[in-house]
Amino acid sequence: LKLTLNLTLTLILNLTYLFVSRMWRFCEEMSDEFWHIGVLLKAFVPRIYGGVRREIAELTLIPYLGGARARKAFDAGLKSIRDIATCRLRKLSAILQIGLVIAHRIKTAAQALVQQEEQSVAEALERLRAESGTDVSKLLIPNDAQEMDSEGVFA
């Protein structure tokens, strides 16, 4: 009976994830009319997929970092994908209690996600600049702080 219940719950979870992720994609396609619903659904996709609480849902987007590892990272102070991406490899390995090879895979995947997000923001800023004719980077970055250091902090 317990096995049947577990299988049923897993099936329901998988079907729910499939439905929500497809609805999210539909809302992205119909962005003019359904963008607000898409924003709400986007927040639920990682939570449903990972079966985790809100505070660690973002971390489960990193490959090789499921719910249990995400909880360890969060409890150790690594609360965002950027935190994982900038964490020292040995420290990450110790926090997650995993080998260096898997820690390297997690860190590399997190760095790729951060890079994708930065690229997405840059493209959005470029579209905004093209549409408005204004250099929006000057609105966002103080004139005396145009360069970022290696950790993404403006100097």
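Whatever comes next refers back to the structure up there.
Residues numbered from 1 in each chain as written. Predicted model: local features only at pLDDT ≥ 70, side-chain atom pairs only at ≥ 80, totals over all residues. Heavy atoms only, no water.

1. Examining the overall build of the chain
Tallying secondary structure elements over the chain gives eight helices and zero strands in all. Ordered by position from N to C terminus, the α and β elements of the chain give α-α-α-α-α-α-α-α. In the chain, which comprises 155 residues, the proportion classed as buried is 25%. A sequence separation of at least 24 residues applies to 29% of the contacts in the chain between residues at least 6 apart. Total accessible area computed for the chain in this model is approximately 11300 Å², and 58% of it derives from carbon and sulfur atoms. (Helix = DSSP H or I, 4+ residues; strand = E, 2+ residues; numbered from the N terminus. Buried < 20%, exposed > 50% of the residue type's maximum accessible area, 1.4 Å probe, protein only. Contact = heavy atoms within 4.5 Å. Areas by Shrake-Rupley, 256 points an atom, 1.4 Å probe, with all protein chains shown as cover.)

2. Here we look at the environment of Trp 24
Along the polypeptide, Trp 24 turns up in helix α1 (residues 2-29). For the pair Trp 24 and Phe 34, spaced ten residues apart in the sequence, the C-alpha separation amounts to 9.4 Å. Those residues within four positions of Trp 24 in sequence are excluded, and the remaining contacts are Gly 38, Leu 41, Lys 42 and Val 45.

3. Here's the deal with the nonpolar core
Side chains of nonpolar character tend, in soluble globular proteins, to be buried together. Leu 59, Ile 62, Leu 65, Ile 84, Leu 92, Leu 96 and Ile 106 are the most contacted members of the largest nonpolar core, which has 23 residues in total. Listing elements by their share of this core, those giving two or more residues are α3 (54-57), α4 (67-75), α5 (81-86), α6 (89-96) and α7 (100-132). Considering each element in turn, this core owes the most residues, five residues, to α7. Not counting residues within four places of it along the chain, the set of residues in contact with Leu 59 comprises Leu 65, Ala 70, Ala 73, Phe 74, Leu 78, Lys 79, Ser 80, Ile 81 and Ile 84. Counting residues in each nonpolar core, the second largest holds five residues, with Val 20, Trp 24, Cys 27 and Val 45 among its members. (Core = buried A, V, L, I, M, F, W, Y, C linked by side-chain atoms within 4.5 Å.)

4. Some thoughts on the packing of α6 against α7
Orientation of α6 relative to α7, taken along the N-to-C sense of each, is 110 degrees, at an axis distance of 9 Å. Relative to α7, the element α6 is oriented roughly perpendicular. Between α6, through Leu 89, Arg 90, Leu 92, Ser 93 and Leu 96, and α7, the contact on the second element is made entirely by Leu 100, Ala 103, His 104, Ile 106 and Lys 107. The class makeup of the residues in the contact of α6 with α7 is six nonpolar, two polar and two charged. (Axes fitted to C-alpha atoms, helices over the stretch in contact; angles between N-to-C directions. Parallel < 35°, antiparallel > 145°, perpendicular 65-115°, else oblique. Nonpolar A, V, L, I, M, F, W, Y, C, P; charged D, E, K, R; others polar.)

5. Details of unusual backbone geometry
In this model, Tyr 64 sits at a positive phi of 75 degrees, which is unusual for a non-glycine residue. Secondary-structure assignment places Tyr 64 in the loop between α3 and α4. Despite not being glycine, Gln 97 has its phi angle at roughly 55 degrees, a positive value. A residue is classified by how much of its surface remains accessible, and Gln 97, at 63% relative accessible area, is exposed.

6. A look at α6
By the burial criterion, the buried members of α6 are Leu 92, Ser 93, Ile 95 and Leu 96. Projected down its long axis, α6 shows its buried positions confined to an angular sector of 165 degrees, all on one face. The exposed residues of α6 that point more than 90 degrees off its buried face are Arg 90 and Ala 94. At its buried positions, α6 is contacted by α4, α5 and α7. After α6 finishes, the residue Gln 97 shows a positive phi value of roughly 55 degrees. (Arc of directions from axis to C-beta.)

7. Section: the side chain of Thr 60
Tracing the backbone through its elements, the reader meets Thr 60 in the loop between α3 and α4. For Thr 60, a relative accessible area of 10% gives the class buried.

8. Focus on the pattern of salt bridges
Throughout the structure, instances matching the rule amount to four salt bridges. Taking the shortest distance from any N to any O, the salt bridge between Arg 71 and Glu 55 comes out at 2.7 Å. Here Arg 71 is found in helix α4, whereas its partner Glu 55 is found in helix α3, with 16 residues between them in sequence. What makes Glu 55 partly exposed here is its relative accessible area of 35%. Residue Glu 118 is joined to Arg 82 by a salt bridge in which the shortest nitrogen-to-oxygen separation is 3.0 Å. Of this pair, Glu 118 sits in helix α7 while Arg 82 is found in helix α5, placing the two residues 36 residues apart along the sequence. Arg 82 sits in the partly exposed class, given a relative accessible area of 35%. (Salt bridge = Lys/Arg side-chain N within 4 Å of Asp/Glu carboxyl O.)

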